2 protein chains.
Amino acid sequence: MGFGEIDQKAINTIRLLAVDATFTSNSGHPGAPMGMAPVAHVLWNNFMKFNPKNPKWLNRDRFVLSNGHGCMLQYALLHLFGYDLSLDDLKAFRSVDSKTPGHPEAHDTPGIEVTTGPLGQGVSNAVGLAIAQAHTAATFNKPDFTLVDNYTYCFLGDGCLMEGVSSEASSLAGHLQLGNLICVYDDNNITIDGDTNCAFTEDVSKRYEAYGWQVLTVEKGDTDLAAMQKAFEEAKAEKNKPTIINLKTTIGYGSLQQGTHGVHGSPLKKDDIKQLKEKFGFNPEESFVVPKEVSELYGKHASEGAAAEEEWNKLFASYAEKFPKEHADLSRRLKGDLPEGWEKALPVYTPADPAVASRKLSETVLSKIIDAVPELMGGSADLTGSNLTRWKQAVDFQPKSTGLGDYSGRYIRYGVREHAMGAIMNGLAAYGTVIPYGGTFLNFVSYAAGAVRLSSLSQIRCIWVATHDSIGLGEDGPTHQPIETLAHLRALPNNMVWRPADGNETSAAYYVAMTSKHTPSVLALSRQNLPQLEGSTIEKAIKGGYVLHEVEKADVTLVSTGSEVCICVDAAKYLKEKHNVNARIVSMPCFEVFDTQSKEYRLSVLPDGIPSLSVEVMSTMGWERYTHEQFGLNRFGASGAYKDVYNKFEFTPEGISKRAVATIDFWKDVPNVRSPLNRAFQQII
Amino acid sequence: MGFGEIDQKAINTIRLLAVDATFTSNSGHPGAPMGMAPVAHVLWNNFMKFNPKNPKWLNRDRFVLSNGHGCMLQYALLHLFGYDLSLDDLKAFRSVDSKTPGHPEAHDTPGIEVTTGPLGQGVSNAVGLAIAQAHTAATFNKPDFTLVDNYTYCFLGDGCLMEGVSSEASSLAGHLQLGNLICVYDDNNITIDGDTNCAFTEDVSKRYEAYGWQVLTVEKGDTDLAAMQKAFEEAKAEKNKPTIINLKTTIGYGSLQQGTHGVHGSPLKKDDIKQLKEKFGFNPEESFVVPKEVSELYGKHASEGAAAEEEWNKLFASYAEKFPKEHADLSRRLKGDLPEGWEKALPVYTPADPAVASRKLSETVLSKIIDAVPELMGGSADLTGSNLTRWKQAVDFQPKSTGLGDYSGRYIRYGVREHAMGAIMNGLAAYGTVIPYGGTFLNFVSYAAGAVRLSSLSQIRCIWVATHDSIGLGEDGPTHQPIETLAHLRALPNNMVWRPADGNETSAAYYVAMTSKHTPSVLALSRQNLPQLEGSTIEKAIKGGYVLHEVEKADVTLVSTGSEVCICVDAAKYLKEKHNVNARIVSMPCFEVFDTQSKEYRLSVLPDGIPSLSVEVMSTMGWERYTHEQFGLNRFGASGAYKDVYNKFEFTPEGISKRAVATIDFWKDVPNVRSPLNRAFQQII
Ligand SMILES: [Ca+2]
Ligand SMILES: [Ca+2]
């Protein structure tokens, strides 16, 4: 395929849209779009398969802009190819409530696959998208029915490559031999601090070879379209390795300041724009110009995409006849619905059942629902035996050549790579056919904070199986014992934190996590055994908080979560015996879900007139919203046997009782004690 | 140097101490100590320079066990070489309040340099220790006075290598040409999930070559002591590159289960221990045995270390004569004291001074104190121009060959590597001659959560210059706007979060951060301009919270931080004008410091009898501890111009007033409104 004047015009159109939008908003990053417009043109017009009229078509190629600050590149492409993104949307770049925010957000803009901007995330999402593609292909493709064979393309810059999360994800992608993943590294020698010489002098190509990637180089990334064409062809031809194309570009190509960090994060000056438009043969008096021949060129490719989807729809229809079960399964997955009746597989417990650690209860849930919910795809960051995330008959997701599994496998060995696991889960979920879960110690979910935040922001259904959830993990000590972690995750909007107290609550946590299509969940699970509680049911627990134990003439309400609920049960007995105190007990496995209940219900759980005390072995931050007094641990823990550590900090029936008595005493002179649930006004939520 | 029977005996003594301690505690990791005992013996006895009687001697070689779960290796060595760690301490391994917790903690155990266990941190700390050494040498060494020439040695495992933080730190270490850093990779093909084949098949040696490291290999890491000796010699000889020694070992060497993950994280069985002791020529009936000849061998090396320190003390004494200024400076630094009168350099403001962004105020502080405090060493994760962390005359810490600076430079170009920056700061501070600060956007401190937590736990003085601290950053949008971040960092024990409202508060924040020897600080700083407030002073602000504006017959207290304080000032005027409401204003730049004030003082700031409303443009979590009602943002932000975003969420005088009126209304029927500071009992803090 030859390239001509029209290609150059298309490239310059992209560049100038980015220049005009950043100038109009007086904010944003023109440099990367200007440098990457040529490769974007070659990729989108000559390789990428998509239908702008249906951005959700399953077999589309995925495009991820990992250097998300360059999003005007992507917005320009989406507009030019005919996605539902108008010129007015481009003009509204970076303004409140526009479809063109400062970084790409998947839920805001049609055609954006994943939310990027925080560096290193996008390329790690891309690894997830590629895993999901390989898995979906292995699961659903049949002879003569290649339902999915799409590629995942990802652009990334120096910043992405410096971030550890991309190193983790790239190492895993090499191990997994993801031939369907093609990355383009915008090698422009510039970062915000100036020349990459000041901090980033490693040999990127060699590093990616070490990871097992195919590494290609395009020396003239500003101009040599044919070389880019060839590189993408070679990339697609390599079936057993991900590819990274090292593309040497000039940041802000065409600007008077090209090749400097001056064009990275600030709009071009008026004069500079004028000379640029003249140089590119555009009218310097006009802005946001799309030449007709560019519209036509891209319109043609868009039509081809639409036709390809048409073909695919026919294929899928005839697949329905030959493979009705698989067709129904895939169709259902794409709607995000769960299989009918799946929840019947959730285990139910009575107090007669033995005490079990909630990590073990989680394993039981997974083992029971794994057949009922085929889209569930799990893993662990090298703590499988501790997180108990793997079911017995699991097949690992591995390249066949390893002899350890195959791509139809549903269990991912993430290695010790928590941050990549989080970002990969975001990619897995974004593909549309998979519900991901991943295990690590609760304390090390913090390693993945950057990715967890993006799960919440981009409304991803994924589940963290976060075991060893407190000082109750014992001997590993303070380096492993979470204190601040739940406060952190509870403060994160659109994120559910569950800390179940027993088997029924564990089932409830999974029920809500699985059925919340647009919200991630963190399940905080104990290492130590927990008894099955009198009064717990799945139905009650799915409300997020409920009365576990009611008493007449209550003097105090003990409110607790997870492994401390059973200690509160003992404390209530102790209080009755030793102090003739009547204590109600509320179990509150999930703040966020409780918050969504009616005020009437919430006040029935935490009523006026009774002082309340929260009991949780970690930071008390956040508990003031629900209780009058708080018993927690606002310091680091200790290394020792579980019981010794709990005794040290007085998380015992006696220790709780002491504080309950103090609570009653402190509030006894206050008439009409008001539940903390009563507020002067509604929060902005 | 030849190796003989005594060396083997010493090695087996180490192994058996680890085996006995894990067996006794019925918990812990014998595998790594057994596999790494040979290389530890060669390193500690033949290379490492240290004086067990003075673990703080400046010019000691630093040892970091990055695979901290193998800490019985380190505890055994510390005991055997004569540190203040007894056999009884080893027997108390992993028990509450022992000096031998489940992972090495620097403040608990003499001879432990940095707190490790969370994987990838130790090796990144080691990079910090090596930078500090190079910098201290460049600053204080003189012809004939080589005061510091120590090496930093680090052991690490597969887990450390998989973690992104180590990739970031290793890439930077290569760039910085740290010839004083020598790592030993315990290449045993085993992780918790089993064989490394399941997730970690990259070419580690090639990757480290790509980073610019010297890579050496020892094939027979269980037995070939001479090869280890040679490798360390080669490592020390290479002055311009860090070295990694790829050491092939057998995990749990000697055990019946050697070479499997069965010996990774569980004590050996009784029978296994018996055969092991017999095989090693030890009495199987005895435990915790230290043969006399091993004591003598190691005692001899310890004496040599003591003599070396003696020599060094003489050198330092004569240095005092020739370079009295430098001697005084270094001596002072080693005590952790700041230069007398340094605080006079802190800028003071009056309301007549212009409005300035607090990131810019931070730059002014740094520029003013940088000469007064020569141990201050700053940097940024590639956001220098945004964080404003670099002072005008700064010299970059760079290898001379780059032409960009030299090792005497005090400004570090971290690249886009927030997590490594955090871990490196921990290493810099641990060296003893440097106070580190580092800049990034507040939102991306979360990327470094793993390291930030260890700063707090290990009582490190370091400062995060965390700019762009809210939705006030504007156009970059929700991906960059922190919501949960302050709640997270405030919930972390022993961590100060400052959010100054103006110039005086910014000076106060630096004052407390710099003078808190054992507590890290995060300074949350605005992108947007803030006026200099009437009523703010450094003296008031260093209390963490104070009355900015008092009124008679107050109807409500507005409590706020940072960029919202000045809006509260306007809201108070608005409330008076439109509603005849008297509003007091409290500025609360730091919860943690406010919490340490007397109750009397705190109640004077947040008194009984007046309902209070907090105003902060992020998660309200935690504010219930101080105020009756909360105005915040429990959702993600928006991309747009700063003022538009504030308007959207009603963080305006009108929006605040509306909620203040609601607060007054809601509390008016409650007699004797009680300050939330009154509690039924003291928290465990
Ligand atoms: Ca770049
Ligand atoms: Ca290993």
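A quick note: this is a predicted structure, and the numbers were derived from the prediction, not measured.

(A) Structural detail: the coordination of the calcium ion (ligand 1). Residues and elements named next belong to chain A. Protein-derived coordination of the calcium ion (ligand 1) comes from Asp158 (OD), Asn188 (OD1) and Ile190 (O), at a distance range of 2.3 Å. Donor residues binding the calcium ion (ligand 1) come from one chain and are separated in sequence as D-x29-N-x1-I. With Asp158 in helix α6 (residues 158-162) and Asn188 in the loop between β3 (181-187) and β4 (190-191), this residue pair connects regions lying 30 residues apart in the sequence. Note on Asp158: relative accessible area 4%, which makes it buried.

(B) Focus on the coordination of the calcium ion (ligand 2). Residue and element names in this part refer to chain B. Looking at the calcium ion (ligand 2), the protein donor atoms are Asp158 (OD), Asn188 (OD1) and Ile190 (O), and they sit 2.3 Å from it. Between consecutive donors of the calcium ion (ligand 2), the numbers of intervening residues give the motif D-x29-N-x1-I. Remark: Ile190 occurs in strand β4 (residues 190-191) and Asp158 occurs in helix α6 (residues 158-162); sequence separation between them is 32 residues. In this pair, the class of Asp158 matches that of Ile190, namely buried.

(C) Spatial organisation of the interface of chain A and chain B. Facing the 115 residues of chain A at the interface are 115 residues of chain B. Buried area between chain A and chain B, both sides added, is near 9900 Å², and the carbon and sulfur share of it is 57%. Here chain A and chain B share 13 salt bridges between them. A salt bridge links Asp476(B) to Arg94(A); its shortest N-O distance comes to 2.7 Å. Along the contact surface separating chain A from chain B lie 61 residue pairs in polar contact (both at pLDDT 80 or more).

(D) Expanded view of the pattern of salt bridges. Residues and elements named next belong to chain A. Summed over all chains, the structure comprises 75 salt bridges over all chains. Here Glu616 and Arg490 are joined by a salt bridge, their closest N and O atoms 2.9 Å apart. With Glu616 in the loop between β21 (612-615) and β22 (629-631) and Arg490 in helix α18 (residues 485-491), the pair connects residues that are 126 residues apart, well separated along the chain. When sorted by exposure, Glu616 lands in the same class as Arg490, which is buried. Taken together, the salt bridges that share partners define one network made up of Asp469, Arg490, Arg499, Glu564 and Glu616.

(E) How the structure looks around the UniProt feature "binding site: substrate" (unreviewed entry) in chain A. Residues and elements named next belong to chain A. Those places that UniProt annotates as "binding site: substrate" (unreviewed entry) correspond, in this numbering, to His29, His264, Arg359, Ser386, His468, Asp476, His480 and Arg527. The greatest C-alpha distance among the residues just named is 48.3 Å, and with 499 residues of sequence between them they are spread in space as well. Relative to the helices and strands, His468 resides in the loop between β14 (463-467) and α18. Not counting residues up to four positions away in its chain, the partners in contact with His468 are Arg359, Ser386, Phe441, Leu442, Leu473, Pro482, Leu525, Ser526 and Arg527.

What counts as what
Residues numbered from 1 in each chain as written. Chains lettered and ligands numbered in written order. Predicted model: local features only at pLDDT ≥ 70, side-chain atom pairs only at ≥ 80, totals over all residues. Heavy atoms only, no water. Donors = N, O, S within 2.8 Å, 3.2 Å for Na, K, Ca; no water. Helix = DSSP H or I, 4+ residues; strand = E, 2+ residues; numbered from the N terminus. Buried < 20%, exposed > 50% of the residue type's maximum accessible area, 1.4 Å probe, protein only. Contact = heavy atoms within 4.5 Å. Buried area = accessible area lost by both parts, 1.4 Å probe. Salt bridge = Lys/Arg side-chain N within 4 Å of Asp/Glu carboxyl O. Polar contact = N/O pair within 3.5 Å; in protein donor to acceptor, adjacent residues only side chain to side chain. UniProt positions renumbered as here; feature names shortened; annotations may be inferred.

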